Amino acid sequence: AAGLWTVFTLGGVGSKASAQLEQCSPLASQSLLLLLIFFHFFISDNTAFSSSNPHAFQINFNSLYTALCEQQKSDQATLLLYMLLHQNSNVRTYVLARTDIENLV
């Protein structure tokens, strides 16, 4: 998961359109799509991977927020932001607590 996150955060440039981003960094684009698939899978079937350790996967919200701010021209990044805000109360709380939310909007 850390490798996918690194590719996502370093792979794209927010000022390019989605098609140009995909041509310049196909690995970043594919990694983002894979994250969306995983996210959708875990929402639609919570019983598939029940774990005794609910904190098995950790992510740095500051890095996530920065990457999403830089990727707002990408439809995939916007969809990931939407899904995270609506389905994850920890992400929603973190984003609402930020003082620089205008960067995201």
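Values in this document were obtained by computation on a predicted structure and should not be read as measured data.

**Q** Help me understand the packing of helix 5 (residues 75-87) against helix 6 (residues 89-97) in this model?
**A** The description of two helices packed together rests on the angle between their axes and the distance between the axes. The geometry of helix 5 relative to helix 6 is characterised by a closest axis approach of 5 Å and an angle of 105° between their N-to-C directions. The orientation of helix 5 with respect to helix 6, classified from their angle, is roughly perpendicular. Only S89, V91, R92 and V95 of helix 6 make contact with helix 5, whose side of the interface consists of L84, L85, H86 and Q87. In the contact of helix 5 with helix 6, the residues fall into four nonpolar, three polar and one charged.

**Q** For this particular structure, what's the right way to read the nonpolar core?
**A** When a protein is soluble and globular, its nonpolar side chains tend to lie buried together. Counting residues in hydrophobic clusters, the biggest one holds 15 residues, and the most contacted among them are L68, L80, L84 and L104. Of all elements in the fold, only helix 3 (26-44), helix 4 (61-70), helix 5 and helix 6 reach the threshold of two or more residues within this core. The leading source of residues in this core is helix 5, at five residues. Once you skip the residues sitting within four places of it in the chain, L80 turns out to touch L32, L36 and L68.

**Q** Which parts of the structure should I look at to understand the pattern of salt bridges?
**A** Pairs can form between side chains of opposite charge whenever their charged atoms are close. Under the criterion given, the structure shown has one salt bridge. Across the pair R98 and D100 runs a salt bridge whose closest N-O atoms are separated by 2.9 Å.

**Q** I tried to follow the confidence of the model for the protein on my own but got confused; where do I start?
**A** Do not read the fine detail of predicted coordinates wherever pLDDT is low. In the predicted model, the protein carries a mean pLDDT of 74, and the fraction of residues at 70 or more is 63%. Across residues 12-17, confidence stays below pLDDT 50; counting only partners more than four residues off in sequence or on other chains, it has 14 contacts.

**Q** I tried to follow the packing of aromatic side chains on my own but got confused; where do I start?
**A** Aromatic rings in a pair are described by how distant their centres are and how their planes are angled relative to each other. This structure, assessed with the given rule, holds two aromatic pairs. For the pair F61 and Y94, a centre-to-centre distance of 5.7 Å together with 45° between the ring planes defines the contact as tilted. One end of the pair, F61, is in helix 4; the other, Y94, is in helix 6, with 33 residues separating them in the sequence. In this structure Y94 comes out as partly exposed when scored by relative accessible area, which is 24%. Ring centres of Y65 and Y94 lie 6.3 Å apart, and the angle between their planes is 75°; on these two criteria the pair is classed as edge-to-face.

Conventions used here
- Residues numbered from 1 in each chain as written.
- Predicted model: local features only at pLDDT ≥ 70, side-chain atom pairs only at ≥ 80, totals over all residues.
- Heavy atoms only, no water.
- Axes fitted to C-alpha atoms, helices over the stretch in contact; angles between N-to-C directions.
- Helix = DSSP H or I, 4+ residues; strand = E, 2+ residues; numbered from the N terminus.
- Parallel < 35°, antiparallel > 145°, perpendicular 65-115°, else oblique.
- Contact = heavy atoms within 4.5 Å.
- Nonpolar A, V, L, I, M, F, W, Y, C, P; charged D, E, K, R; others polar.
- Core = buried A, V, L, I, M, F, W, Y, C linked by side-chain atoms within 4.5 Å.
- Buried < 20%, exposed > 50% of the residue type's maximum accessible area, 1.4 Å probe, protein only.
- Salt bridge = Lys/Arg side-chain N within 4 Å of Asp/Glu carboxyl O.
- pLDDT = per-residue confidence, 0-100.
- Phe/Tyr/Trp six-rings, centres within 6.5 Å; stacked < 30°, edge-to-face > 60°.

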